[in-house]
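Structural overview
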Amino acid sequence: MVDANVLIAKFKQRFGNEPQIYCAPGRVNLIGDHTDYNEGFVLPAAIDFSCYAAISARPHDHLMLFSENLGETIAVSLGKPIEPASKWTDYPLGVFLQLQAVGFALGGANLCISSEVPIGAGLSSSAALEVSAAYALLGAFGHRADPLQIAKLCQKAENDFVGAKCGIMDQFIACRGLAEHALLLDCRSLQFEAIRIPDSLRIVICNTMVEHKLVAEQNEYNTRRAECEEATRLLAQHIPHARALRDLSLSDLENHRSLLPSLLYKRCRHVVTENQRVEQMAGALQRNDLKQMRKLMAESHHSLRDDYEVSCRELDLLVALAEQQRGVYGARMTGAGFGGCTVNLVEETHVKEFHRRVAEQYLAKTGHAPEIYVCKAVGGAARVS
Ligand code: GLA
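Reading the values: rules and limits
Residues numbered from 1 in each chain as written. Predicted model: local features only at pLDDT ≥ 70, side-chain atom pairs only at ≥ 80, totals over all residues. Heavy atoms only, no water. Near = heavy atom within 4 Å. Polar contact = N/O pair within 3.5 Å; in protein donor to acceptor, adjacent residues only side chain to side chain. Areas by Shrake-Rupley, 256 points an atom, 1.4 Å probe, with all protein chains shown as cover. Helix = DSSP H or I, 4+ residues; strand = E, 2+ residues; numbered from the N terminus. Contact = heavy atoms within 4.5 Å. Phe/Tyr/Trp six-rings, centres within 6.5 Å; stacked < 30°, edge-to-face > 60°. Buried < 20%, exposed > 50% of the residue type's maximum accessible area, 1.4 Å probe, protein only. Axes fitted to C-alpha atoms, helices over the stretch in contact; angles between N-to-C directions. Parallel < 35°, antiparallel > 145°, perpendicular 65-115°, else oblique. Left-handed = near helix turned anticlockwise from the far one by under 90°. Nonpolar A, V, L, I, M, F, W, Y, C, P; charged D, E, K, R; others polar. Pairing = 2+ DSSP bridges.

1. Some points on the site of the ligand
Around the ligand, the neighbouring residues are R27, D33, H34, D36, Y37, C166, G167, M169, D170, Y221, G335 and A336. At 2.8 Å, a backbone N or O of H34 approaches an oxygen atom of the ligand. Here the ligand, which alone exposes 310 Å², has 93% of that area covered by the protein.

2. With respect to the side chain of S300
Inspection of the secondary structure assignment puts S300 in helix α9 (residues 290-306). Once you skip the residues sitting within four places of it in the chain, S300 turns out to touch I31, E274, R277 and R332.

3. Details of the packing of aromatic side chains
Going through the model one piece at a time under the given rule, you end up with four aromatic pairs. Plain terms: the ring middles of F11 and F15 are 4.8 Å apart, the flat faces sit at 55 degrees to each other, and that makes the pair tilted. Here F11 and its partner F15 are both found in helix α1 (residues 4-15), four residues apart, which amounts to about one turn of the helix. Side by side, F11 and F15 carry an identical accessibility label, which is buried. A ring pair is formed by Y37 and Y221, whose centres lie 5.4 Å apart and whose planes are at 70 degrees; its orientation type is edge-to-face. Residue Y37 is found in the loop between β1 (20-29) and β2 (41-42), and its partner Y221 is found in helix α6 (residues 214-236); the two are separated by 184 residues along the sequence. By relative accessible area, which is 9% here, Y37 ends up buried.

4. Re the packing of helix α3 (residues 125-140) against helix α4 (residues 147-162)
Helices that pack against each other are described as a pair by the angle of their axes relative to one another and the distance between those axes. One can describe the packing of α3 onto α4 by two numbers: an axis separation of 10 Å at closest approach and a directional angle of 120 degrees. As summarised for this structure, α3 and α4 are arranged oblique, according to the angle between their axes. For the pair α3 and α4, the crossing hand works out as right-handed. For the pair α3 and α4, contact is made by S126, E130, V131, A134, Y135 and L138 and by P147, I150, C154 and E158, respectively. For the contact of α3 with α4, the per-class residue count stands at seven nonpolar, one polar and two charged.

5. Focus on the sheet that holds strand β8 (residues 192-196)
In space, the three strands of this open sheet follow the order β2-β7-β8, with antiparallel pairing throughout. Each end of this open sheet is capped by a strand with a single partner; those strands are β2 and β8. Sheet topology places strand β7 (residues 181-186) next to β8; five bridges connect them, and they run antiparallel. Note on β8: the bridge partner recorded for L183 is A194. Sheet strands in contact with helix α5 (residues 169-176) are β2, β7 and β8, and its direction is about 135 degrees off that of β7. Strands β2, β7 and β8 of the sheet are contacted by helix α8 (residues 262-287), whose axis makes an angle of about 45 degrees with β8.

Given below as structure tokens:
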């Protein structure tokens, strides 16, 4: 875990002055994956792993970017055009350019990043990095912005500069997370409702430890998004109200099935049914209807595995192992997929046993020890005093 005092001491040693520090959390999505870029519904919670950004302005026209995680410093001249370099620095640099593009006056800075969010594990380490960097850059130059504007600018940085066509979910929850709650977010209107996580349940995240092949994964992700856009285009010719897959009911889809190649039909069926499940899940959490939660999360996993085809062997195994344990009220893959993590709702009294048994059984079957995190839902990005 990052200790802010240690971060300050190291920063002073490296750059010779006192930083301001900001942090932004990673996230887990309880249900509603691959729905955000279809203008649908998601139910994420910010988790107690954060990315810290320590910053001070510097007199010269350079950004000095330092990663504590990688032990790497990159100097970027602001006098020349800034291009993506397919590495971690693309995230803060993309954010820097977006902030400038909408008129925030920024200058040279020392920016030191230290993150606790497991990297490339599907817990939004990138959004936490973008959002913490945005808060830091704004803070260092005396600006303030609305969290919603920050979330949108960070998403745009990732879409346009990094090249990942992500939706708004991760940046939104990194900015607006709320302790003890998940947010039921409408990704079209960006209206949200806070849904309390029942006190008896813990959010347990299991990491497959499957290596993320970032480029391949990004291609798969962008392909899914393009498939959804193509399906919308085909359907909109016959269903005028269909601006996005969000606008389809299951009967709209069934009635127009013949318009779609079977692959696109499956992609649509996932999105349409997943949107329904998100709203049902919010209700189930509010009523503490454990049986329903478990059912919805299982259906979500099957839909992501079979219709959307973004799961993998290790994710399926972790879900199957989780479902065999006592006190489990939901298990599914979470986030983009292709490796990464599962999310599980586990009764507090069974967490220890769950942890031990799932770890043992996964290791026995795959030869890899999973990492298992028992998480709390926390608030969004903030300055660290
Ligand atoms: C990634 C993206 C999000 C969302 C999820 C899948 O985390 O960044 O916008 O699409 O995948 O739900």
